[in-house]
Amino acid sequence: MRISTPQLYSSALDGILKQQQRLSQLNQEMASGRRILSPADDPAGSARVVDLTANIATLDSYDQNASFAVNSLSQESDTLQQVGDLVRQVRTLALQMANGTQNDQTRSNAAAEVGSQLSQLLQLANTRDGNGNYLFAGTVSGTQPFALQSGTPPVSYSGDSGQQALQINATRRIPVADSGQAVFMDIADGNGTFSTAATSGNTGTATIGAGSVLDPQKAATQFTANATTYTITFSSGTTGTSYSVTSGSGASLATVASGTYTPGMSIAIPEAGIQVDFQGDPSNGDTFTVAPSKRQDLFSTLNQLQSALSMPTTSPAQKALFAQQVNHVLTNLDQAENHLLSIQAAAGTRLNESQNTQNANAALRVQFQTVLSSVQDANYPEVITQFNQSQVALEAAQKGFVAIQGLSLFNFLK
Amino acid sequence: MVLRRNAWGGNWEWDSMSGISALINSGLGGINAASVALQTTGNNISNVNTEGYNRQSVLQSERAGQFTGAGYLGTGAQIDGIARNYDAYLQNQMWQAYASQSSAGVVNDQLQQLNNVLADPNLGLSSALNGFFGAMQGVANNPAGIPERQALISNAQVLSARFNTLDDHLRSTEQSINTQLKDSVASVNELTRQIADLNQRIFQLQGNAAGQQPNDLLDQRDELIKKLNAQIGITANQQADGQLYLFTGNGQTLVAGSKSFALTTVANAYDQSRLEIAYQPNGGIISGGISGGAIGGLLRFRSDNLDSARNALGRIAVGVGAAVNQQQALGLDLNGALGQPLFSTPNPVVYGSQLNGTPGATLSAVVSDPGKLSASDYVARYDGTNWTVTRASDNAVVLTSASGPLNFDGVSVSVTGSANAGDKFLIEPTRQAAGAIGVQTTDPNGIAAAAPYVSNTGNNTGQVGISTGSVASASGSVNLPAGAFGQNLTITFTSSTSFQVSSGSPATVLATGSYAASGTSLTIPYPAGNAYWRVDLSGAPAVAGDSFTLSKAGVGDNRNILSMAALQTDKNLGNGTMTAGDAYGQLLTEVGTAGQQANIGYQAQSGILTQIQQSQQAVSGVNLDEEAANLMRYQQAYQASARMIQVADTLFQTILSIKGA
């Protein structure tokens, strides 16, 4: 085949230009450390890079959220710990005061102490987080949730039941707070199923205990479903003291149990599957009530203790009433302590979960990062080898060009 | 010396004198031939680097012999003509290869630019998307925090600016295509005019020169046709008289003998800002049939790559914008009001054809479901009774309807006025969206981070629980009247199986319902749109007097912003197949693959062109070594012929000396 002279030059030049282009591309890869300089270099890889980068960015968000969750939950846990300690202090004090050796003076001092514990509790309930938001306000986090008020309950709650949650991985939204309603307000009184009380006009020395549930199913039917309140009435006659348990009033008044009373006995209400224990001697006509458990806030419980400690205790009946009140408060404090412990346990579990998720996220991030790197990063040994090859090829092409341009018949025509 | 009969027709005898002159003549012929050949060789050498030059060679033949008694005596050589070393088949192939290579080169250049724009980390969309959704998580962590909210607004602005910038690049590419088309058409017209002119001159000169070809003009014409092919793919038809006829791919005549016909650019029948190629003699638009050359490449890139890239980008903008706005509308901002749209997203663009009758119909479109949008354009055609909507990407008929609104693929088009039969409209659902998206809410308080209601349980004895609530698309078993939304609501059980919903003080009963322990749902309709806030009551027993309240959520609520942040991983585009990030990945893959293919196509076309050029050069190219050899060859022939004359002269002198002695 004939080769034309311009063609000889242009094809030699083409070779040089191609090698230079390749060298420039490889040089760019080395300088940027990237294998993919434009989507056209690897279309599928480019989409993968977008996907992986988004995944990593999301994981970074989750990681930040999880740290935030850990902070919030730690703070909640710490605060709940302090509240629990406070409740235990109050309980110890109440136990001391229940002892008959106390006098008016010590009780009055104790009342003052409970008063200061109440304000400490209020302070804890109004704890704020690092951003100045109230920890126990539900979603109304910008407004102080608990405030003293006159009347019952002694402290008002202006928050709601909302619970802030954070996304700590693709599927888990973890609650990072509990509302004040759940922590301080929604505490069952009595023993959790029912609560007992002495009627204020009682003249005897009998006191009623917290009682216990023998048959949870029956108890649930009577107290939860039917909301039955039982009245236990004592009557003293010639044959001694007897009791009768009635439910309802007016036309629906029904006697569900009755018998002879001896101090220290437990009166059973078979219909509700419960029994309540009595101490002391009731007077004729003294009544006690067994009512479905209601919710009582922690502040009210403390307030009740404070007012009980200011009660006169001169007559035996007054002493009995005082003992009855302190008993009641102790029962409620036990409930509160359990309640706080369970909330704290749940918060602790979530704290743990957040930390574990953080670790899992970090592991996943490393994985994504590894894949991303394998997709988009230049393989230096490979690129450098290719660069050297291209360099050799370019030099060869240049030498060839020089050799070709020196070859001409005209050189020999003298 | 010639052997001839004597004057009186006697015996054969030698005619020494005429023999000598024949020798001189023959030598002269040789000198002539050699000098023409030398001149041609010189021309070849001079034109070694002339584009489009075809090597010339001398056609040389024997002169007719002279009859003598001894037979026919040769009378030397003569020049018949100067021929181009030319292969019409190869030339035609080369023109076609030029057209293909030029078109592939333009497509490749444009796609590499497009790729570079999308690959640029400072321009790419993914970092902006990640930043935007990341900022939402920041707000979720501290919903009442103004700095976090401000960061979200700023990130939204970055995202919308990124959309705008990307679209701006694509739009300016479209504008530059307009300019390039104009330039190309101008050079096509200039080239065809010159070719027609050359046709005329070649025709004339060929006639004057008794069939000898004007090689230089033929070379020039071939070179002009090559240049024409670099602009637009044409087919050439050689006529017997030496003139060439040139046609476009659709068969429009560009050059017929000495006449040329111009192309022109006209506005698209729908989108006036877009130029199309038209055939000037009849004004018909011929963009669709052009292939090859820069014009073919530009048109192909515009319809195959640029439009779809803009549409795809616009679809992401509409998808993200609409989804975020929709979620905004479901939550409460920091002032306790329902969220206003965060982004302003434009409506689809509808163009009526310039050929539509008057007065016609006016069509206006809105996006009804961003999730169903495709990245295609649509043509709506009215035939007098029915509207037919065709999707441009696959020519599928997506809707046939007698009247508006025309609902298809997430778009709703309303029709006002009465259309004429044959009227056509072009609907571009997402083309302009990426360029027009903006941030509408710039007040940090305006971010709707909170859900509307918080469910609270009263001091109840029953075991009925209430759900925290969620957004539902259908009403529940008890649906509150419109207008209830936004008020604090109280749900009170009036018996174990019935409840009422009231608001205000004194309480106004808004609704009553019966309760089933398996679960009862209560919905509060949002003021706008078919959405409901739904809470579920479940559990037993229910006790009369038990109550629940639904209170307006406070500033610490982050449920709505969590749902908004979840949009990042929601497959809310392409009929539930893609997240916004996926859609961007798909765009990158499409553009990247097209770029890869264009590059391969360009390399392949360049390879083909090089091969054909080699073949053509093998026939027509000048090789200097060859010419050097020829120089020597013809020089020697010249010298030998001159020697012949010298010999004849010596002979003559010899004869003269005999006579004179």
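Residues numbered from 1 in each chain as written. Chains lettered and ligands numbered in written order. Predicted model: local features only at pLDDT ≥ 70, side-chain atom pairs only at ≥ 80, totals over all residues. Heavy atoms only, no water.

**Student:** Tell me about the interface of chain A and chain B, residues and numbers included.
**Tutor:** In this complex, chain A contributes 51 residues to the contact, which on the side of chain B involves 67 residues. Taken over both partners, the interface formed by chain A and chain B buries close to 4500 Å², and the fraction arising from carbon and sulfur atoms is 54%. The interface formed by chain A and chain B includes 1 salt bridge. Between Arg2(A) and Glu626(B) there is a salt bridge, with its nearest N and O atoms 2.7 Å apart. Viewed at the interface, chain B and chain A are joined by 24 residue pairs in polar contact (both at pLDDT 80 or more). A breakdown of the residues in the side of chain A that touches chain B according to their chemical character gives 21 nonpolar, 23 polar and 7 charged. (Contact = heavy atoms within 4.5 Å. Buried area = accessible area lost by both parts, 1.4 Å probe. Salt bridge = Lys/Arg side-chain N within 4 Å of Asp/Glu carboxyl O. Polar contact = N/O pair within 3.5 Å; in protein donor to acceptor, adjacent residues only side chain to side chain. Nonpolar A, V, L, I, M, F, W, Y, C, P; charged D, E, K, R; others polar.)

**Student:** Outline the sheet that holds strand β10 (residues 254-260) of chain A, listing residues and values.
**Tutor:** Residue and element names in this part refer to chain A. An order of β5-β13-β8-β9-β10 is seen for the 5 strands of this open sheet, with the pairing classed as antiparallel. The open sheet has two free edges, formed respectively by β5 (194-198) and β10, since each of these has just one partner strand. Here the average twist between neighbouring strands, direction ignored, is 20 degrees. As defined by bridge partners, strand β8 (residues 230-237) adjoins strand β13 (residues 287-292) across 4 bridges and the pair is classed as antiparallel. Each residue of the ladder has a partner; that of Tyr-230, found in β13, is Val-290. This element, helix α5 (residues 216-225), spans β5, β8 and β13 of the sheet and lies at about 95 degrees to β13. (Pairing = 2+ DSSP bridges. Helix = DSSP H or I, 4+ residues; strand = E, 2+ residues; numbered from the N terminus. Axes fitted to C-alpha atoms, helices over the stretch in contact; angles between N-to-C directions.)

**Student:** Describe the environment of Arg88(A), and please don't skip the residues or the numbers.
**Tutor:** Residue and element names in this part refer to chain A. With respect to the helices and strands, the residue Arg-88 is situated in helix α2 (residues 43-98). Since its relative accessible area comes to 31%, Arg-88 is described here as partly exposed. For the pair formed by Arg-88 and Ala-336, sequence separation is 248 residues and the distance between their alpha carbons is 9.8 Å. Residues within four places of Arg-88 in sequence aside, it is in contact with Gln-81 and Glu-337. Within polar-contact distance, the side chain of Arg-88 engages the side chain of Asp-85 at 3.0 Å. (Buried < 20%, exposed > 50% of the residue type's maximum accessible area, 1.4 Å probe, protein only.)

**Student:** Describe helix α5 (residues 215-231) of chain B, with residues and values.
**Tutor:** In this model, α5(B) (17 residues) spans 25 Å end to end at C-alpha, consistent with the 24 Å of a helix rising 1.5 Å per residue. Most of α5(B) sits inside the fold, with 13 of its 17 residues counted as buried. (Expected span 1.5 Å × (residues − 1).)

**Student:** Explain the pairing of strand β11 (residues 266-269) of chain A to me, and be specific about the residues and the numbers.
**Tutor:** All names here are of chain A. Residues of β11 alternate between two faces, with Ile-267 and Ile-269 buried on one and Ser-266 and Ala-268 left unburied on the opposite face. Summarising the sheet, β11 and strand β12 (residues 274-279) pair through 4 bridges and their orientation is antiparallel. Bridge assignment links Ile-267 to a residue of β12, and that residue is Val-276. Taken together, β11 and the strand that follows it, β12, pair antiparallel across an intervening segment of 4 residues, in which Gly-273 is found at a positive phi of about 65 degrees.

**Student:** Go over the pattern of salt bridges, please, and point to the residues and values.
**Tutor:** By the definition in use, this model includes 32 salt bridges over all chains. Across the pair Arg35(A) and Asp42(A) runs a salt bridge whose closest N-O atoms are separated by 2.9 Å. Since its relative accessible area comes to 32%, Arg35(A) is described here as partly exposed. A salt bridge links Arg91(A) to Asp334(A), with the shortest nitrogen-to-oxygen separation between them at 2.4 Å. Placement of Arg91(A) in helix α2 and of Asp334(A) in helix α7 (residues 316-376) is noted, with a sequence separation of 243 residues between them. Several salt bridges share partner residues, and in doing so they unite Asp167(B), Asp168(B), Arg171(B), Glu174(B), Arg274(B), Asp307(B), Arg310(B), Asp377(B), Glu428(B) and Arg431(B) into one network.

**Student:** Report on unusual backbone geometry, specifying residues and quantitative values.
**Tutor:** Residue and element names in this part refer to chain B. Put simply, Thr-358 and Pro-359 share a cis peptide bond, and its omega is -10 degrees. By secondary structure assignment, the location of Pro-359 is in the loop between β15 (349-352) and β16 (362-367). Residue Pro-506 is reached from Ser-505 by a cis peptide bond, and omega for that bond is 0 degrees. Summarising the element assignment, Pro-506 is placed in the loop between β29 (498-503) and β30 (508-514). With phi around 55 degrees, Asn-395 is a residue other than glycine that occupies positive phi space. Its location among the elements puts Asn-395 in the loop between β18 (387-391) and β19 (396-401). Of note, Asn-575 is a non-glycine position whose phi angle comes to about 60 degrees, a positive value.

**Student:** Let's hear about helix α1 (residues 5-32) of chain A: which residues, and what values?
**Tutor:** All names here are of chain A. Taking 1.5 Å of rise per residue, the 28 residues of α1 would be expected to cover 40 Å, and the 41 Å separating its terminal C-alpha atoms lies within 8% of that figure. Turning to α1, its buried residues are Thr-5, Gln-7, Ala-12, Ile-16, Leu-23, Leu-26 and Glu-29. Directly after α1, the chain includes Gly-33, whose backbone phi takes a positive value near 75 degrees.

**Student:** Before we move on, can you summarise the sheet that holds strand β12 (residues 275-279) of chain B with the specific residues and values?
**Tutor:** Residue and element names in this part refer to chain B. In spatial order, the strands read β11-β12-β13; together these 3 strands make up an open sheet with antiparallel pairing. In this open sheet, the two strands that pair with only one neighbour each are β11 (263-267) and β13 (284-285). The pairing of β11 with β12 spans 5 bridges and is classified as antiparallel. What sits directly across from Thr-265, in β12, is Ile-277. Set on the sheet, helix α4 (residues 146-208) makes contact with β11 and β12; between it and β11 the angle comes to about 155 degrees.

**Student:** If you had to explain the packing of aromatic side chains to someone new, which residues and values would you point to?
**Tutor:** A complete count under the given rule lists 24 aromatic pairs over all chains for this structure. Ring plane angle 35 degrees and centroid distance 5.8 Å describe the contact between Phe184(A) and Phe299(A), whose orientation is recorded as tilted. Here Phe299(A) lies in helix α6 (residues 298-309) and Phe184(A) lies in helix α4 (residues 180-185), a separation of 115 residues in the sequence. You'll find Phe184(A) and Phe299(A) in the same group, each marked buried. With 4.8 Å between their ring centres and 45 degrees between their planes, Tyr382(B) and Trp387(B) make a pair best called tilted. Accessibility assignment for this pair places Tyr382(B) and Trp387(B) in one class, buried. Connected via pairs of aromatic rings, a cluster forms that spans Phe136(A), Phe146(A), Tyr157(A), Phe184(A) and Phe299(A). Here the basic side chain of Arg84(B) rests over the ring of Tyr86(B), its NZ or CZ set 4.0 Å away from the ring centre. (Phe/Tyr/Trp six-rings, centres within 6.5 Å; stacked < 30°, edge-to-face > 60°. Lys NZ or Arg CZ within 6 Å of the ring centre and 35° of its normal.)

**Student:** Describe a nonpolar patch on the surface, naming the residues involved and giving the relevant values.
**Tutor:** Together, Ile3(A), Leu8(A) and Tyr9(A) make up an exposed nonpolar region whose accessible area comes to about 230 Å². Mapping Ile3(A) onto the fold places it in the segment before α1. (Patch = residues over 30% accessible without salt bridge, like charges linked within 9 Å, V, L, I, M, F, W, Y side chains within 5 Å. Areas by Shrake-Rupley, 256 points an atom, 1.4 Å probe, with all protein chains shown as cover.)

**Student:** Describe the pairing of strand β31 (residues 520-525) of chain B, with residues and values.
**Tutor:** Residue and element names in this part refer to chain B. Counting buried residues along β31, 6 of its 6 residues qualify, which places the element largely inside the surrounding structure. On β31, burial covers both faces: Thr-520, Leu-522 and Ile-524 on one face and Ser-521, Thr-523 and Pro-525 on the other are all buried. Strand direction decides the pairing type here: strand β27 (residues 478-479) and β31, joined by 2 bridges, are parallel. Residue pairing in the sheet places Val-478 in a bridge with Leu-522 of β31. Alignment of β31 against strand β32 (residues 532-538), held across 6 bridges, turns out to be antiparallel. The residue bridging Pro-525 from the neighbouring strand is Tyr-532, located in β32.

**Student:** Could you give an account of the packing of helix α3 (residues 126-141) of chain B against α4(B), naming the residues involved and the relevant values?
**Tutor:** Residues and elements named next belong to chain B. Two elements in contact, α3 and α4, have axes separated by 8 Å at closest approach and are oriented at 165 degrees. Here α3 is positioned roughly antiparallel relative to α4, judged by the angle of their axes. At the point where α3 passes α4, the crossing takes the left-handed sense. Facing α3, whose interface residues are Ser-127, Ala-128, Leu-129, Gly-131, Phe-132, Ala-135, Met-136, Gly-138 and Val-139, α4 presents Glu-148, Arg-149, Ala-151, Leu-152, Asn-155, Ala-156, Val-158, Leu-159 and Arg-162. Residues of the contact of α3 with α4, tallied by class, amount to 11 nonpolar, 4 polar and 3 charged. (Parallel < 35°, antiparallel > 145°, perpendicular 65-115°, else oblique. Left-handed = near helix turned anticlockwise from the far one by under 90°.)

**Student:** Talk me through the confidence of the model for chain B; I want residue IDs and the actual numbers.
**Tutor:** Looking at chain B as a whole, the pLDDT averages 89, with 97% of positions reaching at least 70. Overall fold confidence for the complex sits at a pTM of 0.84, while the interface term, ipTM, reaches 0.82. (pLDDT = per-residue confidence, 0-100.)

**Student:** Hey, could you go over the side chain of Ser353(B) for me, with residue numbers and the actual values?
**Tutor:** All names here are of chain B. Here Ser-353 is to be found in the loop between β15 and β16. A relative accessible area of 10% means that Ser-353 is categorised as buried. Contact partners of Ser-353, with chain neighbours within four places excluded, come to Ala-269, Tyr-270 and Lys-424.

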